[in-house]
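Chain by chain, the residues run as shown.
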Amino acid sequence: MFPESAAPKKTALPGVALGFAIAGMCLACLWPVGVVLAILAMVKTSKPEYAGRRGLAVASLIAAGVGPFVIGIWAAIAIPNFIRFQARSKQTECRVNLKAIFTAAKARMVEGEPMGSFEALGFQPEPRNRYAYVLVMPDSVIPVGAPFPALDPDVLQAALDRAGVEPGVQGECPDCTLTAACVGNVDNDDTLDVWSISTADRTDASNQPVAAGAPLHHVNDVQE
């Protein structure tokens, strides 16, 4: 009679290691845990009594090795999208402030009050404004706030010219038309983001109607 061989033992370690290795492909913080567990699983399954779990341990080690490449792919997709999302959220400042300028201008138009400057409109953006606000170049301009880089008046004028925007007040109030603009750099490249708002109906570059009081996006710094 030959002695019966010992029944193979089971261990949950390879399965746990594989789970963490796969999860680490989605959550980078779990990847090191998956690597450590995969190595421990390989060591443990090297013993004869755990040989039956060797294949699962190898799979966990392979998954852990592939993890950095998968994480890199996720990062290549997610980081640019996150940067664009951040930039778009910064554009909210301009849209909100342009609507505030429009509201102030309409109120003064009804009363026939002067509105040839931001002081006359009673408009002042919150501190740390990322955009410069233009009503009349160069006399009525609110510069970019600290700590953001200042925009030279010549740079502002060039951005407005490129966008085809002419801020100012035309005509005699209360039948006048006010156009204000904001210019800013939201993603730290050479392109400046340009918006405008008017108390009159307009059309955009595609000849689509733009209602009075609707901010018009002339140059999108996020896309260019």
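Residues numbered from 1 in each chain as written. Predicted model: local features only at pLDDT ≥ 70, side-chain atom pairs only at ≥ 80, totals over all residues. Heavy atoms only, no water.

K.L.:
Where do I start with the overall build of the protein chain in this structure?
P.N.:
Broken down by element type, the protein chain carries five helices and eight strands. Helices (α) and strands (β) of the protein chain occur, in sequence order from the N terminus, as α-α-α-α-β-β-α-β-β-β-β-β-β. Relative to the 2.2 N^0.38 estimate, which gives 17 Å for 224 residues, the radius of gyration of the protein chain is 31 Å and therefore markedly larger than a compact globule would have. Here the protein chain holds 224 residues, and the buried ones make up 35% of them. For the protein chain, restricting intrachain contacts to residue pairs at least 6 apart in sequence, the fraction spanning at least 24 positions comes to 51%. In the form shown here, the protein chain has an accessible surface area of approximately 12,900 Å², with 61% of it arising from carbon and sulfur atoms. Across the protein chain, 17 positive and 22 negative side-chain charges occur, with their mean positions spaced 24 Å apart. (Helix = DSSP H or I, 4+ residues; strand = E, 2+ residues; numbered from the N terminus. Rg over C-alpha atoms; globule rule 2.2 N^0.38 Å. Buried < 20%, exposed > 50% of the residue type's maximum accessible area, 1.4 Å probe, protein only. Contact = heavy atoms within 4.5 Å. Areas by Shrake-Rupley, 256 points an atom, 1.4 Å probe, with all protein chains shown as cover. Lys, Arg positive; Asp, Glu negative; His and termini not counted. Charge placed at Lys NZ, Arg CZ, Asp CG, Glu CD.)

K.L.:
How should the domain arrangement of the protein chain be read in this particular structure?
P.N.:
When the parts of a complex come together, some accessible area is lost, and that lost area is often used as the size of the interface. Examined at the domain level, the protein chain breaks down into domain 1 (12–76) and domain 2 (88–219). The gap between the C-alpha centroids of domain 1 and domain 2 is 56 Å. (Domains from an automatic or database assignment.)

K.L.:
Whenever I open this one, the state of the cysteines confuses me. Can you help?
P.N.:
The bond known as a disulfide is covalent and runs between the sulfur atoms of two cysteines. Scanning all chains against the criterion turns up one disulfide. Across the disulfide, C94 is cross-linked to C182 (sulfur-sulfur distance 1.6 Å). Measuring handedness by torsion sign, the sulfur bridge of C94 and C182 sits at about -45 degrees and is left-handed. In this pair, C94 sits in helix α3 (residues 54–111) while C182 sits in strand β4 (residues 177–184), placing the two residues 88 residues apart along the sequence. Per residue, the accessibility class of C94 equals that of C182, and both read buried. Free of any disulfide, C26 has its nearest neighbouring cysteine sulfur in C29, separated by 11 Å. By relative accessible area, C29 is classed as exposed at 63%. (Disulfide = S-S within 2.5 Å.)

K.L.:
What exactly am I supposed to notice about helix α1 (residues 13–23) here?
P.N.:
Along an α-helix, residues three or four apart share an orientation, since each turn contains 3.6 residues. Buried within α1 we find P14, A17, L18 and A21. When α1 is viewed along its axis, its buried side chains cluster within an angular range of 100 degrees and face the same direction. (Arc of directions from axis to C-beta.)

K.L.:
How should I be thinking about the UniProt feature "transmembrane region" (unreviewed entry) in the protein chain in this particular structure?
P.N.:
The residues that UniProt annotates with the feature "transmembrane region" (unreviewed entry) are residues 20–43 and 55–79. Here residues 20–43 runs as 71% helix and 0% strand, with 17 Å between its end C-alpha atoms. In residues 55–79, the share of helix is 100% and the share of strand is 0%. The end C-alpha atoms are 36 Å apart. (UniProt positions renumbered as here; feature names shortened; annotations may be inferred.)

K.L.:
I would appreciate a short explanation of the nonpolar core in the present structure.
P.N.:
In terms of nonpolar packing, the biggest core is built from 24 residues, with I101, F118, L121, Y133 and L178 touching the most fellow members. For this core, the secondary-structure elements that each account for two or more residues are α3, α4 (118–121), β1 (131–136), β4 and β5 (193–198). Here this core gets eight residues from one element, more than from any other, and that element is α3. When residues no more than four places from it in sequence are discounted, the contact partners of Y133 are E93, C94, N97, I101, F118, F123, P125, S140, V141, I142, A181 and C182. (Core = buried A, V, L, I, M, F, W, Y, C linked by side-chain atoms within 4.5 Å.)

K.L.:
What should I look at first to understand the environment of R54 in this one?
P.N.:
Relative to the helices and strands, R54 resides in helix α3. In this structure R54 comes out as partly exposed when scored by relative accessible area, which is 32%. Residues R54 and Y133, spaced 79 residues apart in sequence, show a C-alpha to C-alpha distance of 67 Å. With residues up to four places along the chain from it excluded, the contact list for R54 reads M42, T45 and S46.

K.L.:
Any chance you could explain the environment of D193 here in plain terms?
P.N.:
Locating D193 in the fold gives a position in strand β5. Expressed as a C-alpha distance, the spacing of D193 and V43, which sit 150 residues apart in the sequence, is 58 Å. Apart from residues lying up to four places away in sequence, D193 is in contact with Q91, Y131, C182, V183, G184, H217, V219, N220 and D221.

K.L.:
Looking at this structure, I do not really get the packing of α1 against helix α2 (residues 31–45). What am I missing?
P.N.:
Each pair of packed helices can be described by the angle between their axes along with the distance between the axes. Between α1 and α2, whose axes approach to 8 Å, the crossing angle comes to 155 degrees. On the basis of the axis angle, α1 is roughly antiparallel to α2. Considering only the axes of α1 and α2, their crossing is left-handed. Between α1 and α2, the residues in contact are L13, P14, V16, A17, F20 and A21 and V33, G34, L37, A38, L40, A41, K44 and T45, respectively. Tallied by class, the residues present in the contact of α1 with α2 amount to eleven nonpolar, two polar and one charged. (Axes fitted to C-alpha atoms, helices over the stretch in contact; angles between N-to-C directions. Parallel < 35°, antiparallel > 145°, perpendicular 65-115°, else oblique. Left-handed = near helix turned anticlockwise from the far one by under 90°. Nonpolar A, V, L, I, M, F, W, Y, C, P; charged D, E, K, R; others polar.)

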